[in-house]
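What the coordinates show
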Amino acid sequence: MSRRGELDVIVVGAGVVGAAAALAMVQEGFDVALIEARPPPEWNAQEEVDARVVALAPDAKALFDNLGVWSEISASRVSGFRRMRVWDALAPGELAFDAADRGEATLGWIVENRLLQHVLWKALSESSHRSGTVRLLCPAEVSSIENEPESVTVALADGTRLRSPLLVAADGASSAIRMQLGIGTHDRDYGQRAIVAHVGTEKSHESTAWQRFQPGGPLALLPLQDGRCSIVWSVQADEAARLLALDDTHFQAELGCAFDFRLGTITSTTRRLAFPLKMRLAERYVDGRTLLIGDAAHAVHPLAGQGLNLGLRDVCSLRDQLLRSKSPEADPGAAHVLRRYERERRSENVVAANSFSVIERVFNSDSTAVAGLRGIALGLAGRLPALKRVLGDAAAGRL
Ligand SMILES: Cc1cc2nc3c(=O)[nH]c(=O)nc-3n(C[C@H](O)[C@H](O)[C@H](O)COP(=O)(O)OP(=O)(O)OC[C@H]3O[C@@H](n4cnc5c(N)ncnc54)[C@H](O)[C@@H]3O)c2cc1C
């Protein structure tokens, strides 16, 4: 629906957030250029489950439904979970959330990042029935940006130049676009690594997402469709190095112990990977005709499994703001459109990121006094239905 026979939007970064944003805009009739540095890894259902999985909240699933891709995702390899159990290594009490208590069948879904990206790219390539167009440039990298009053011009490393009224930066936590624009960040290095792997357990995972808080960091076991669990084990960097160096037998023994043998012994493990954990919040989301979404705007601690969910909410907000001002002559990069998006998303993302940081600090402490308070808080939350409902909403990404 380009107003001038040119592009309406340029999106840089075609990870899950950038690809979902591009698809949402193409489906609304915008002509989009999507620039990605690296081709995504191949998806093959016969291969081992990808090491990177995410827990999707109901509103993220609703977005994928709306984009017409959820049926393919759910037909591939998805594990819905019905319950969540959260407890503390040093304090009594446990929080339990059940989908049935909310009159629902599922609290969330565990999905491979690679599958999400694959399905979104496929939908983008099948654009014949859409009213907008997409031009996918990959591998391609941005070498410079010129933010002008009426448009943004992006120069690629191969000399290609693209011009549009709006540039969306979805190029991840180390966003080069954010840095080129001089947008600062508030950073917090947790000094932790998240170890991820898929493990077999002696007992069934009961379609439950489990999380144990312990000094050093939280340990989550997320249920996979094949009966194994995906672990996200956050530990201090030196401890991560030690755990990564263990052979499988010793790693399994330590993991079982760290998890309180809640699912019995750990019977197998895949190769372990580790990710450094940092909070990084952009000071602003808008610069001229450019805006930030996803991890480019906010990278958060994975303890609540919300990083991607927040990024997908950015996508919904951006789509809504663009539609609010849509008319044949509307300017998608108009300052009031971008400011409305920034107002709506920045406050929620900052509150979420700081809440995760507070939870991380409180649960990371091995002080007896703090552990006592945690026990009281968990006990109270379990006994007060209203408080439990609020926490359940937060866990399911509904706040
Ligand atoms: C251990 C761990 C567990 C997690 N668990 C969960 C969870 O359960 N639930 C949840 O919601 N979130 C979770 N997250 C967070 C989630 O993975 C991220 O928030 C999400 O992947 C960010 O997506 P994105 O598309 O914004 O960025 P990215 O996935 O980083 O994608 C950015 C894309 O931009 C491309 N790119 C980068 N630079 C350029 C450039 N200069 N030019 C062109 N392209 C470029 C990259 O190649 C990439 O494809 C977890 C994170 C970690 C580390």
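Attention in this report is confined to the structure presented alongside it. (Residues numbered from 1 in each chain as written. Predicted model: local features only at pLDDT ≥ 70, side-chain atom pairs only at ≥ 80, totals over all residues. Heavy atoms only, no water.)

1. A few points about the overall build of the protein
A tally of regular secondary structure across the protein gives eleven helices and 21 strands. For the protein, with 399 residues in total, the buried portion stands at 54%. In the protein, the share of contacts with a sequence separation of at least 24, taken over all contacts with a separation of at least 6, comes to 73%. Per element, the accessible surface of the protein, about 16600 Å² overall, is 53% carbon and sulfur. (Helix = DSSP H or I, 4+ residues; strand = E, 2+ residues; numbered from the N terminus. Buried < 20%, exposed > 50% of the residue type's maximum accessible area, 1.4 Å probe, protein only. Contact = heavy atoms within 4.5 Å. Areas by Shrake-Rupley, 256 points an atom, 1.4 Å probe, with all protein chains shown as cover.)

2. Observations regarding the site of the ligand
Near the ligand you find 28 residues, and of these Glu36, Arg52, Ala55, Asp295 and Leu308 are the closest. The separation between an oxygen atom of the ligand and a polar main-chain atom of Ala55 is 2.8 Å. Asp295 places a polar side-chain atom, nitrogen or oxygen, 2.7 Å from an oxygen atom of the ligand. With the chains in place, 85% of the 1000 Å² that the ligand exposes on its own is no longer accessible. Contributions of two or more residues to the shell around the ligand are made by helix 1 (16-27), strand 3 (53-56), strand 13 (185-201) and helix 8 (307-324). In terms of residue count, the dominant contributor to the shell around the ligand is helix 8 (three residues). For the shell around the ligand, the class distribution of residues is 13 nonpolar, nine polar and six charged. (Near = heavy atom within 4 Å. Polar contact = N/O pair within 3.5 Å; in protein donor to acceptor, adjacent residues only side chain to side chain. Nonpolar A, V, L, I, M, F, W, Y, C, P; charged D, E, K, R; others polar.)

3. Things to note about the sheet that holds strand 20 (residues 290-292)
Pairing is mixed across the open sheet formed by six strands, whose spatial order is 8-2-1-12-20-19. Each edge of the open sheet is held by one strand with a lone partner, namely strand 8 (134-137) and strand 19 (286-287). Sheet topology places strand 1 (residues 9-12) next to strand 12 (residues 166-169); four bridges connect them, and they run parallel. Within the sheet, the bridge partner assigned to Ile10 lies in strand 12 and is Leu167. (Pairing = 2+ DSSP bridges.)

4. Observations regarding the side chain of Thr201
If you trace the backbone, Thr201 turns up in strand 13. Side-chain polar atoms of Thr201 contact the backbone oxygen of Lys203, separated by 2.8 Å. Not counting the four nearest positions on each side in its chain, Thr201 is found in contact with Leu221, Cys229, Leu263, Thr265, Ile266 and Thr267.

5. Description of the pairing of strand 12
The side-chain alternation of strand 12 yields two buried faces, one formed by Leu166 and Val168 and the other by Leu167 and Ala169. Summarising the sheet, strand 12 and strand 20 pair through three bridges and their orientation is parallel. Among the inter-strand pairings, Leu167 is bridged to a residue of strand 20, identified as Thr290.

6. Structural notes on the packing of helix 1 against helix 4 (residues 113-125)
What describes two packed helices is the angle between their axes and the distance between those same axes. Between helix 1 and helix 4, the shortest axis-to-axis distance is 9 Å and the interhelical angle comes to 25°. Of the possible angle classes, the one that applies to helix 1 and helix 4 is roughly parallel. When the axes of helix 1 and helix 4 are compared, the crossing they make is left-handed. Residues Val16, Ala19, Ala20, Ala22, Leu23 and Val26 of helix 1 form the contact with helix 4, whose participating residues are Asn113, Leu116, Gln117, Leu120, Trp121, Ala123 and Leu124. (Axes fitted to C-alpha atoms, helices over the stretch in contact; angles between N-to-C directions. Parallel < 35°, antiparallel > 145°, perpendicular 65-115°, else oblique. Left-handed = near helix turned anticlockwise from the far one by under 90°.)

7. Observations regarding the sheet that holds strand 3
Strand order in the open sheet formed by three strands is 3-7-4, with antiparallel pairing between adjacent strands. Only two strands of the sheet have a single partner each, and these edge strands are strand 3 and strand 4 (78-81). Each neighbouring strand pair of the sheet contributes to a mean axis angle of 25°, computed without reference to strand direction. Examined bridge by bridge, strand 3 and strand 7 (residues 108-112) share four bridges and lie antiparallel to one another. Residue pairing in the sheet places Ala55 in a bridge with Ile110 of strand 7.

8. Observations regarding unusual backbone geometry
That bond from Cys138 to Pro139 is cis: its omega, -5°, falls within 30 degrees of zero. Examined against the element boundaries, Pro139 turns out to sit in the loop between strand 8 and strand 9 (142-147). One non-glycine residue, Asp260, adopts positive backbone phi at about 65°. Of note, Asp260 is situated in the loop between helix 7 (248-258) and strand 17 (266-269). With a phi angle near 50°, Phe261 is a residue other than glycine that sits in the positive phi range. Looking at the element boundaries, Phe261 is found in the loop between helix 7 and strand 17.

Interpretation note: all reported values are geometric properties and have no functional meaning in isolation.
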